[in-house]
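In case you want the letters, here they are:
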Amino acid sequence: MTSTLPNDNIKSFDEQITNKLISEIIRDRIKSKGTRFSANDNIADFINPGELKVLEKEVASRIKDLLKSLVIDVDNDHNTQETAERVSKMYLNEVFKGRYHEQPKVTSFPNDKNLDEIYTVGPITVRSACSHHLVPILGECWIGIKPGSKVIGLSKFARVADWVFSRPHIQEEAVMILADEIEKLCEPKGLGIIVKAQHYCMKWRGVKEPNTSMINSVVRGDFRHDISLKQEFFELVRQQSSNNNY
Ligand SMILES: [Zn+2]
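Residues numbered from 1 in each chain as written. Predicted model: local features only at pLDDT ≥ 70, side-chain atom pairs only at ≥ 80, totals over all residues. Heavy atoms only, no water.

(A) View of the overall build of the protein. Assigned secondary structure in the protein consists of 10 helices and seven strands. Dimensions of the protein along its principal axes, counting C-alpha atoms only, are 70 × 50 × 25 Å. Residues classed as buried in the protein amount to 39% of the 246 residues present. Long-range contacts, defined as pairs at least 24 residues apart, comprise 68% of the intrachain contacts of the protein with a sequence gap of at least 6. For the protein, the exposed area adds up to about 14,600 Å²; of that, 52% sits on carbon and sulfur atoms. For the protein, the distance from the average site of its 34 positive side-chain charges to the average site of its 34 negative ones is 1 Å. (Helix = DSSP H or I, 4+ residues; strand = E, 2+ residues; numbered from the N terminus. Buried < 20%, exposed > 50% of the residue type's maximum accessible area, 1.4 Å probe, protein only. Contact = heavy atoms within 4.5 Å. Areas by Shrake-Rupley, 256 points an atom, 1.4 Å probe, with all protein chains shown as cover. Lys, Arg positive; Asp, Glu negative; His and termini not counted. Charge placed at Lys NZ, Arg CZ, Asp CG, Glu CD.)

What follows is the structure, encoded as structure tokens:
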């Protein structure tokens, strides 16, 4: 039987594909599972192989419409002729890749030697964008670990931080999400994270304060309960702090 009836439920899969934008198809999949898809959520599990390329085209066409609404002559202005395609690629594969791409592979190892001394890694450069204006947040991050049952390589902290921060965020939530991911990967007995960042929505627009930064932290497990351990964490980070400006 051919699907001639005007009912979406009996349309073939291909018909549904051709009638819907890829963003709608992905959104429907997420909604059918009852999963959240806020700006700082990763949605890679709902994107099938090859679909990111299709999404890239859809986003480019929307950005082109945005440029037209801004009354920019995209047909004749040689500077903006391919801006829509560039911005689409930049969002999906660079600055917001942490939404659309899988987490980088991180292998964990059993903590056979029962290491239990704390260590810190940092500064790790973090780059994000505020969810409110989509302008950059640039800063540094320090991660402190009291090892638990598993350990991961030092460079992996930087990879996971980059993946988590490469999404539209507010800084307070970014730190919590990073803490959740690190807990999943190495189940530490204690975890501390500090982020110091400059927000371009304060530097470039709004109040235009060029030197203001925001620092926030999260401490979990033994770092939360043991005051001396928490102090040791903050002291180690103080020694690692750099004076980089963004
Ligand atoms: Zn903002």
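(B) Up close: the coordination of the zinc ion. Bound to the zinc ion on the protein side are C130 (SG), H133 (ND1) and C201 (SG), at distances that span 2.2 to 2.4 Å. If you list the donors of the zinc ion from N- to C-terminus, the spacing comes out as C-x2-H-x67-C. Residue C130 is located in strand β2 (residues 119-130), and its partner C201 is located in helix α8 (residues 200-203); the two are separated by 71 residues in the primary sequence. Residue classification places C130 among the buried positions, given a relative accessible area of 3%. You can call C201 buried: its relative accessible area is 14%. (Donors = N, O, S within 2.8 Å, 3.2 Å for Na, K, Ca; no water.)

(C) A look at the nonpolar core. Core analysis: the biggest nonpolar cluster contains 31 residues, and C141, I143, F157, L178, I182, I193 and V195 have the highest contact counts within it. At the level of elements, β2, β3 (136-146), α6 (154-165), α7 (171-186) and β6 (190-199) are the ones that each hand at least two residues to this core. Per-element accounting of this core gives the leading share, eight residues, to α7. Beyond its immediate stretch of four places on either side in the chain, L178 contacts C141, I143, V160, A161, V164, F165 and I193. Within the second largest apolar cluster, 19 residues are counted, among which are F46, I47, L67 and A129. (Core = buried A, V, L, I, M, F, W, Y, C linked by side-chain atoms within 4.5 Å.)

(D) Region of interest: the sheet that holds strand β7 (residues 214-221). Read from one edge of the open sheet, five strands run β5-β2-β3-β6-β7, paired in mixed fashion. With partners counted over all chains shown, the strands left at the sheet margins are β5 (168-169) and β7, one partner each. Here β3 runs beside β6; their pairing, made up of 10 bridges, is antiparallel. Its bridge partner lying in β6, I137 is registered against H199. Where α7 meets the sheet, it contacts β3, β5, β6 and β7, and its direction lies at approximately 30 degrees from that of β7. (Pairing = 2+ DSSP bridges. Axes fitted to C-alpha atoms, helices over the stretch in contact; angles between N-to-C directions.)

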